[in-house]
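Single-letter residue listing:
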Amino acid sequence: MRSNERRPAWQHDVRWLATLLLIAVVALGAAASSLARLTAPVSVEPVARELLTLAVGPTDIVPRLAPSTTGYEAGAPLALLPGVPAEADASEIPTFDSAAAVSRVAGVLVERFLADGGPATWASIEDPAWRAVLEGVDEAVLRPLLAGALQGPLFDVGVGDGTRVANWPQQAQQNPGQPVQPLVGVFVTVPPLALQGRSAREIGELVVAELALVVADEGAAAALDLVTNTNVNAALRSALDGPARTDLHAALEAFVASRASEVETRLADARAVLAGGTPASDPWAGLVDPDDLGRLDTAERRDRVLDALAQRAALGGSEAVLAALPESGVRERAARASAVLDAVDRVAHRQARSWSWVLGVGAVLLTLIVVLTADGFGRVSWPGLAWLLGAGPGLVAAWFWRELVPLEAWPSSPAVEGVFTVLVDTVRLTLAQLGQVAAETVLWAHVVPAGIGAAFVLIGVTGWLGAQLRPARRNRF
C-alpha cells in the first residue's frame, strides 16, 4: 500500500470533495427517508391529523364545529353564543342581525364585569378556550382601559391636584410596616415606599389604578364602598356609567366580532325554526355521521372532523381536504396550509421514497470513492466520520424534539401577549404538537446512517489499536 506522500495530489482532492459531498448526501438522504417514513400509509394519518389540528386552530375560534341551534324550540330564547350568558328573545330573532347580537353579547359581558368583576364574569363562560381568551383580554386590554376611563372624571374633582392628599408620612410613622391611605375620603391603601418621591398627580394616578383593580376584581360596588367623599364617589359612579362602560363595551365588541359568522348562523337556523322550516344543513354532515351531529359536544365533533379530514389529506392532499369543506373559517385556514398538507399525501410519499433511494445509492458510491482514495485505516474512518457528521445533527435534533412537552394552551393573539412571545409560543406549540407523532420516526431515520458511520469508525479504531498493540517482529539475525 502506498503512503500518503506517494499518492498523487488529485487523489487527496477527490477524497476531500467526496467526503464533503457524502456528508451532504447522507444528511439529505436521512431527511428524505424521514419524510418517506412519515408519509407511509401505515403512519401518515396521525401526522396529517396533527397538521390539520395546527391549521384549524383551537376549538374556540372554529366556527360551526359546535351544534348551532340543536334542540332550539320555537318561542324559546336563543343563546347567541354557546356557553355565553347572552340571549335573544324569540320575538327579536326575525329582525335581529349579527351586529346587534355581537353588541348584545359584549353588553352582557360588560354589565357582569362591572357588577361582579372579571374573575366571576369569565367563570360563567362555559367554553374553556373562549374563557381563556377573555381572561387574557381582561388582563391586557380591559384593565388598562378601565384605569384610563376613570382617571379623567376623578381628576376633575381633585384626586390628582394634591387638594385631597392625606398626611401619609405621619401614618407611616405611627404604624410602621403597614400600608397607608394617600387620599382623604378614599380608603385605598398602598405601601409607603410606593409613594416616596411621587408628585400629587402621580399619587392620584396610583389611587385611580388601585380603584380600577378593585372594580376589575370585585365589581363597581366594592370600589364605590371605598370612596366616602361625596364628590369623588359621584365622579367614580359617573365614570363607571359613562366612559368606562363605553370603552369596555367597544373593546369586548371587537373581540366578540371574531365570532360574528357563528352568531349569524345560529340566528339563521332559529329563523328557519320559527318560520316552520328546518335549520340549515350542518356543514359537517358529510364528515360526521348525521346521527351523531346532535349529541356530540364541540371537542368531540372537532375530533371526528379532523379524523375524517386526515384520511382525505393522506389520500389526496389539500385538494381532497378543501373539496370536503364548506365555505367557512376552517376552510380558509386549511387553504392557507395547503402547501403543508400536500407534503403528506401519496404523491409526496412516492417522491420522498424515490429521493431516498437515489440519495442512498449516491451515498454508497461516494463511500466507495472515499475508500478508494484514502489509505490505511482512513479507508474506514473517513467514510465513517462523514456518515456520522451527515446524520448526527438530525439525530440530536430529533432526540430533543421527542422530549418536547406540548403546551397546555394555544398562544393568545399578538394584541394580548405581544408579537415576539406569540411567535415563540407558536413555534414551540407546532414542534411539540408534531413531535408526538413524528419525532420517533425521524429519530430512527437518522439512527440507521449514524449507526453505519459509527460501525465504520469502530472498525477503524479497532484496527488502529490492534496495529499499535501488535508485538514487533524480532530479527533472527
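What you are looking at is a predicted structure, and each value in this text was computed from that prediction instead of being measured. (Residues numbered from 1 in each chain as written. Predicted model: local features only at pLDDT ≥ 70, side-chain atom pairs only at ≥ 80, totals over all residues. Heavy atoms only, no water.)

What follows covers the overall build of the chain. Looking only at helices and strands, the chain features 17 helices and two strands. Counting all 477 residues of the chain, 42% fall into the buried class. Looking at the chain alone, contacts between residues at least 24 apart form 71% of all its contacts between residues at least 6 apart. Only carbon and sulfur atoms are counted for the fraction: they give 60% of the accessible area of the chain, which is about 24,400 Å². (Helix = DSSP H or I, 4+ residues; strand = E, 2+ residues; numbered from the N terminus. Buried < 20%, exposed > 50% of the residue type's maximum accessible area, 1.4 Å probe, protein only. Contact = heavy atoms within 4.5 Å. Areas by Shrake-Rupley, 256 points an atom, 1.4 Å probe, with all protein chains shown as cover.)

In this section: the nonpolar core. Judged by nonpolar contacts, the single largest core of 64 residues is most densely connected at L109, L146, L150, L154 and L240. When residues of this core are traced back to their parent elements, those giving at least two are α3 (98-116), α5 (128-156), α7 (200-218), α8 (220-225), α9 (230-256) and α10 (260-274). At 11 residues, α5 tops the list of elements feeding residues into this core. Once residues lying within four places of it in the same chain are set aside, the contact partners of L109 are V84, T121, W122, I125, L134, L252 and V256. Grouped together as the second largest cluster of nonpolar side chains are 29 residues, V47, L341, V344 and A398 included. (Core = buried A, V, L, I, M, F, W, Y, C linked by side-chain atoms within 4.5 Å.)

Here helix α1 (residues 9-38) crosses helix α15 (residues 378-402) at 35 degrees, and the two axes come no closer than 7 Å. In the packing of α1 onto α15, the handedness of the crossing is right-handed. When α1 is examined against α15, the residues R15, W16, T19, L22, I23, V26 and A27 are found in contact with a partner set consisting of W382, P383, A386, W387, L389, G390 and A391. (Axes fitted to C-alpha atoms, helices over the stretch in contact; angles between N-to-C directions. Left-handed = near helix turned anticlockwise from the far one by under 90°.)

What follows covers the pattern of salt bridges. All chains considered together, the criterion is met by eight salt bridges. Residue D217 pairs with R143 through a salt bridge whose shortest N-O separation is 2.8 Å. Placement of the pair is D217 in helix α7 and R143 in helix α5, with a sequence separation of 74 residues. Owing to a relative accessible area of 37%, D217 belongs among the partly exposed residues under this scheme. Since its relative accessible area comes to 14%, R143 is described here as buried. Residues E264 and R271 are paired through a salt bridge, measuring 3.4 Å at the closest nitrogen-oxygen approach. Among the charged side chains, a salt-bridge network with shared partners connects E111, D241 and R245. (Salt bridge = Lys/Arg side-chain N within 4 Å of Asp/Glu carboxyl O.)

In this section: α10. Here α10 spans 21 Å end to end across 15 residues, near enough to the 21 Å set by a 1.5 Å rise per residue. When we look at burial in α10, the residues that qualify are E262, V263, T265, R266, L267, D269, A270, A272 and V273. (Expected span 1.5 Å × (residues − 1).)

Before going further, it helps to spend a moment on the confidence of the model for the chain. Per-residue confidence for the chain gives a mean pLDDT of 81; residues scoring 70 or more make up 84%. Taken element by element, the chain is modelled with least confidence in helix α16 (residues 414-417), mean pLDDT 57, and with most confidence in α8, mean pLDDT 94. Low confidence marks residues 60-71, where pLDDT is under 50. Its contacts with residues over four positions away, or in another chain, come to 44 contacts. (pLDDT = per-residue confidence, 0-100.)

A cluster of nonpolar side chains, namely F377, V461, W464, L465 and L469, defines an oily patch on the protein surface of about 510 Å² accessible area. Take L469: it is sitting in helix α17 (residues 419-469). (Patch = residues over 30% accessible without salt bridge, like charges linked within 9 Å, V, L, I, M, F, W, Y side chains within 5 Å.)

We now examine the packing of aromatic side chains. Aromatic ring pairs: the centre-centre distance and the angle between the two ring planes describe each pair. Summed over the entire model, instances satisfying the criterion amount to two aromatic pairs. Centroid distance F113 to W122: 6.0 Å. Interplanar angle 35 degrees. Geometry classified as tilted. With a relative accessible area of 2%, W122 lands in the buried category. Across from the ring centre of W130, 4.9 Å away, lies the NZ or CZ of R259, which sits over that ring. (Phe/Tyr/Trp six-rings, centres within 6.5 Å; stacked < 30°, edge-to-face > 60°. Lys NZ or Arg CZ within 6 Å of the ring centre and 35° of its normal.)

Moving on, we come to the packing of helix α14 (residues 346-373) against α15. The N-to-C vectors of α14 and α15 enclose an angle of 145 degrees; their axes lie 8 Å apart at closest approach. α14 and α15 meet at a crossing whose hand is right-handed. Facing A363, T367, V370, V371 and L372 of α14, the residues of α15 in contact are R379, W382, P383 and W387. Along the lines of polarity and charge, the residues of the contact of α14 with α15 split into seven nonpolar, one polar and one charged. (Nonpolar A, V, L, I, M, F, W, Y, C, P; charged D, E, K, R; others polar.)

This next bit is on the environment of P179. Within the secondary structure layout, P179 lies in the loop between α6 (168-174) and α7. P179 sits 12 residues away from P191 along the chain, and the two C-alpha atoms are 4.4 Å apart.

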